[in-house]
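# Per-entry structural report
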Amino acid sequence: MGFIEETIVKAKEVFDVAGRKTSEAITIQKLKVNAASLDAQIAKDYEALGRLVYAGSREKSENQEATEELMAEIDAKRLQLESLQAEIAHMKGNLICSGCGASNMPGAVFCSKCGKKLQNTQKKQDDAPAAEEPADAEK
Ligand SMILES: [Zn+2]
């Protein structure tokens, strides 16, 4: 490979790494925005649920179905929010407790919530082995 080609390849590598870090930050930012809007939606659902229950109890009307539907929706959104938060924590390199699911600072040894020993599954980004090796090597 000639000197110029080599230089171009190196420059491209540097650019790729910088680009990847930037897009990672953008992804975290997007996830945070999603989580915040989901959080706001859940708060609204709770409010609506409160009204339903209040009206149902005051007027002795049957709001059971609507109440159940709303609660199912809240459950689904909370699950979604949980996985979003786990994703954000993972991208930041935080450690997720296998016992209670709490997110702990990178490098923590014990869970700050339940005290369980944390397993360091965190990948070091700079010297991680290439993840895209062909996994289907024939034997
Ligand atoms: Zn825990």
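Residues numbered from 1 in each chain as written. Predicted model: local features only at pLDDT ≥ 70, side-chain atom pairs only at ≥ 80, totals over all residues.

### Quick look at the overall build of the protein
Short version of the rule: Numbering of helices and strands runs from the N terminus; a helix is a DSSP stretch of H or I covering at least four residues, while a strand is a stretch of E covering at least two. Field definition: a residue is buried when 20 or more other C-beta atoms are found within 10 Å of its C-beta, exposed when 12 or fewer are, and partly exposed for counts in between, with C-beta atoms placed from the backbone. Working definition of a contact: two residues with C-beta atoms, positioned from the backbone, lying within 7 Å.
Within the protein, the secondary structure is distributed over 2 helices and 2 strands. Ordering the α and β elements of the protein from the N terminus gives α-α-β-β. Relative to its full complement of 139 residues, the protein shows a buried share of 4%. Restricting to contacts in the protein with at least 6 residues of sequence separation, those with at least 24 account for 38%.

### Description of the environment of alanine 48
When you line up the elements, alanine 48 lands in helix H1 (residues 3-59). With 19 residues separating them in the primary sequence, alanine 48 and threonine 67 have C-alpha atoms 9.1 Å apart.

### Structural notes on helix H2 (residues 64-91)
Heads up, the condition is: One fewer than the residue count of a helix, multiplied by 1.5 Å, yields its expected span.
Helix length check: H2, at 28 residues, gives a terminal C-alpha distance of 40 Å against a target of 40 Å (1.5 Å per residue), a fit within 8%. Looking at the residues trailing H2, positive phi occurs at glycine 93, about 85°.

### Remarks on the environment of asparagine 34
Relative to the elements of secondary structure, asparagine 34 occurs in helix H1. As a C-alpha pair, asparagine 34 and glutamine 80 span 46 residues in sequence and 9.9 Å in three-dimensional space.

### Quick look at the confidence of the model for the protein
Formally: pLDDT expresses how confident the predictor is about each individual residue, on a scale running from 0 to 100.
Overall, the predicted model of the protein reaches an average pLDDT of 81, with 83% of residues at or above 70. Mean pLDDT in the protein bottoms out at strand E1 (residues 95-96), which sits at 84, and peaks at H2, which reaches 91. Low pLDDT (under 50) marks residues 122-133, which in the prediction has 4 contacts with non-local residues, meaning those over four places away or in another chain.

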